[in-house]
Amino acid sequence: MTNIRFRKEKISIQNIGRQRFWIGIVAGLISVISISFFFNQSRESLRLLTSMSADLLILKDNELLFFNYFFSFLSTVLGLSITIWIWMQNRRHNRRKNGIYKQLSNTNALLIFWVILMIISRFGSVLPIILFGHPGYDNHLNLYEEFWILFVLIPIVVFLQSWFTVRLVYQSGKWIFLSLLFCIMTAFTLQLTTSVNQEKLNRAYHQRFESEYNYIDQEIKIAKEKYGIDYNEQTVEILKKQITESSVRQIESIKKAFSVDNPVTLDTIILQKIIIRNYKEGGWYYYRRNSIENWRYALPYDILKQLDYFDSSSNETKELFEILREMIDLVNTPEINGEEYQNFTETERRRSLGARFNIPDPLIEQLKEVRIQLLEDDRYSDFSTNLNVIKDRE
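Below is a short write-up of the structure. Residue positions are given per chain, counted from 1 along the sequence in the order it is written. Confidence filtering applies because this is a predicted model: local features only for residues at pLDDT of at least 70, side-chain atom pairs given and counted only at 80 or more, and all residues used for totals across whole chains, interfaces and linings. Side-chain descriptors were evaluated using all non-hydrogen atoms of the structure, hydrogens and water having been removed beforehand.

Put simply, a salt bridge is a Lys or Arg side-chain nitrogen that is within 4 Å of an Asp or Glu carboxyl oxygen. Evaluation of the coordinates by the stated rule reveals 16 salt bridges. A salt bridge links Glu 219 to Lys 273; the nearest nitrogen and oxygen atoms lie 2.9 Å apart. With a gap of 54 residues between them, Glu 219 in helix α9 (residues 210-227) and Lys 273 in helix α12 (residues 266-278) connect regions that are remote in the sequence. Each residue is placed in one exposure class: buried if its accessible area under a 1.4 Å probe, protein chains only, is under 20% of its type's maximum, exposed if it is over 50%, and partly exposed if it falls in between. Look at Glu 219 and you get buried, because its relative accessible area is 10%. We classify Lys 273 as buried; its relative accessible area is 5%. Notably, a salt bridge pairs Glu 322 with Arg 325, separated by 2.7 Å at the nearest N-O pair. Within this pair, Glu 322 and its partner Arg 325 are both found in helix α14 (residues 315-331), separated by three residues, close to a single helical turn. Salt bridges sharing partners connect three or more residues here, namely Arg 277, Glu 322, Arg 325, Glu 326 and Asp 329. Each helix corresponds to a stretch of at least 4 residues labelled H or I by DSSP, and each strand to a stretch of at least 2 residues labelled E; elements are numbered beginning at the N terminus.

Here's what the structure looks like:
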């Protein structure tokens, strides 16, 4: 039987050099921890940026766990590239080609390290700033559901590519297996130790709109207990969004429901009241300042028309008057002085700015006319007294 003798040596601490071996291990671990912290902290910082111009990007629990593991595994294999780069810098060769192969391995390790780091940093910053942080974004690009396989393959490719050129110099089958086990254990440890709890940022964001959320929850609870209306979770979730596409469509659809010649359902009336109270702007203003098209909600004339569809003692009539009352309160919202700005909630600031700049004069005139008509109508004497006087603008 012929004995096959491999000319390549087996990779070992002796061939690498004991000192170089441990320097590579330590440098790799430092790189792993540093990169993992960089990924996780940067992700939260970029997520914070999305809340400045759009709704805060909040990952679901399964998505968050998936990306935590992705960053942990990617950080680990990138650290392995640094380790291999240091190991392959020894100058002891038993073949003439080993010097070339080691130089190839060094170049390959650094190339894949910086290219992958550049790609992740580039896409990880561009997407939150340009797409996720753009007004109207509503999970149009779901990386977890649509491209999950890509995030599985990237760490695998980096790991295999890092060892590919090493095998031109050494027999390294056992070391590849051992390094794989070590990478897996390290990645799981990183996921537990360096991952950032997104609830800290989520709570800070929710505190900005705490008064809005409390009002929504209160009205939803009253609607269920008093009228037997049970809103689904998706409707409530959209109601708590600010300028996502679904939120804008919700505002537009409710306004449209009031404009047609059909009675509006009680659940839609309550939603309109909530939206006006929280002054959800529902997108950008495309018309001149005093154009009534800038008014995102039901027009006072449309509410007056809706009152004719219902009995004066009905629940619908009561809630329609609540909408008019909220409109008047919005128009009468006082201006907030700059030095007192921090003393008001996010909703109060938005209402103040909206009352100053975004409420058209034709809308105010309509509201005054409708109020006068209702005050003169004896059918609504029990409700019209709650309609405050509309203040003139300064």
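Let us look at the environment of Thr 76. Residue placement: Thr 76 occurs in helix α3 (residues 61-87). Judged by its relative accessible area of 3%, Thr 76 falls in the buried class. When the C-alpha atoms of Thr 76 and Ile 270 are compared, they prove to be 53 Å apart, with 194 residues separating the residues in sequence. Those residues within four positions of Thr 76 in sequence are excluded, and the remaining contacts are Val 32, Cys 183, Thr 186, Ala 187 and Leu 190. When checking whether two residues touch, look at their non-hydrogen atoms; a contact exists if any pair is within 4.5 Å.

For the rest of this paragraph, the subject is the nonpolar core. In terms of nonpolar packing, the biggest core is built from 48 residues, with Phe 258 and Leu 374 touching the most fellow members. Elements represented by at least two residues in this core include exactly α9, α10 (233-239), α11 (245-259), α12, α13 (300-307), α14 and α16 (361-376). The greatest single-element share of this core, amounting to eight residues, is contributed by α14. Excluding residues within four positions of it along the chain, Leu 374 makes contact with Leu 304, Leu 307, Phe 321, Leu 324, Tyr 380, Ser 384 and Leu 387. Throughout, nonpolar core names a set of buried Ala, Val, Leu, Ile, Met, Phe, Trp, Tyr and Cys residues whose side chains join them through atoms within 4.5 Å. Of all hydrophobic cores here, the second largest spans 36 residues; its members include Ile 11, Phe 39, Val 158 and Trp 163.

Here the focus is unusual backbone geometry. Even without being a glycine, Asn 139 presents a positive backbone phi close to 60°. Take Asn 139: its relative accessible area is 43%, and that puts it in the partly exposed class. Its identity as a non-glycine residue notwithstanding, Tyr 279 has a phi of 45°, on the positive side. By the secondary structure assignment, Tyr 279 is in the loop between α12 and α13. Given a relative accessible area of 2%, Tyr 279 falls into the buried group.

What follows covers the side chain of Asn 332. Note that Asn 332 resides in the loop between α14 and α15 (346-357). Polar contacts here mean pairs of N or O atoms no more than 3.5 Å apart (in protein, one a potential hydrogen donor and the other a potential acceptor; neighbouring residues in sequence count only if both atoms are side-chain atoms). Looking at Asn 332, its side chain comes within polar contact range of the main-chain nitrogen of Lys 391, at 2.9 Å. If near-sequence neighbours (up to four positions away) are discounted, Asn 332 is found in contact with Val 389, Ile 390 and Lys 391.

It is worth spelling out α3 at this point. Each full turn of the α-helix corresponds to 3.6 residues, which orients residues three or four apart in the same direction. When the terminal C-alpha atoms of α3 are compared, their 39 Å separation across 27 residues agrees well with the 39 Å that a helix rising 1.5 Å per residue should span. Burial of α3 is extensive: 21 of the 27 residues sit out of reach of the surface. One fewer than the residue count of a helix, multiplied by 1.5 Å, yields its expected span.

The subject of this paragraph is the packing of α11 against α13. Two elements in contact, α11 and α13, have axes whose closest approach is 8 Å; the angle formed by their N-to-C orientations is 55°. In terms of orientation, α11 and α13 fall into the oblique class. Facing Ala 257, Phe 258 and Ser 259 of α11, the residues of α13 in contact are Asp 302, Ile 303, Lys 305 and Gln 306. Each residue is assigned to one class: nonpolar for Ala, Val, Leu, Ile, Met, Phe, Trp, Tyr, Cys and Pro, charged for Asp, Glu, Lys and Arg, and polar for all the others, Gly among them. Looking at the contact of α11 with α13 residue by residue, the classes come out as three nonpolar, two polar and two charged. Only the stretch in contact is used when fitting a helix axis, every axis being a line fitted to C-alpha atoms; angles between N-to-C directions are given from 0 to 180 degrees. Roughly parallel covers angles under 35 degrees, roughly antiparallel covers those over 145, roughly perpendicular covers 65 to 115, and oblique covers all other angles.

A few words on the packing of aromatic side chains. Any two of the Phe, Tyr and Trp rings considered here, Trp counted by its six-membered ring, make a pair once their centres fall within 6.5 Å; the pair's planes then place it as stacked at under 30 degrees, edge-to-face at over 60, or tilted in between. Tallying each qualifying case throughout the model produces 22 aromatic pairs. Taken together, a centroid distance of 6.3 Å and an interplanar angle of 85° make the contact between Phe 66 and Phe 151 edge-to-face. Of this pair, Phe 66 sits in helix α3 while Phe 151 sits in helix α6 (residues 148-164), placing them 85 residues apart in sequence. Among the aromatic residues, those joined into a ring-pair cluster are Phe 38, Phe 39, Phe 66, Phe 67, Phe 70, Phe 71, Tyr 144 and Phe 151.

Turning next to the layout of surface pockets. Residues are said to line a cavity or pocket when one of their atoms sits within 4 Å of a point; the points come from a 1 Å grid over protein atoms alone, cavities being sets where a 1.4 Å probe fits but cannot get out and pockets being open sets with protein on both sides within 12 Å along at least five of seven lines. Grid points are joined across faces, edges and corners, and a volume is the space filled by probe spheres set on the points. Of the volumes computed, that of the largest pocket is approximately 1,500 Å³. As for the largest pocket, its lining consists of 48 residues, of which Leu 57, Leu 59, Glu 63, Phe 132 and Tyr 137 are closest to the centre. For the lining of the largest pocket, the secondary structure elements donating two or more residues are α2 (18-53), α3, α4 (98-132), α5 (143-146), α6, α8 (199-208) and α10. With nine residues, the single largest contributor to the lining of the largest pocket is α4.

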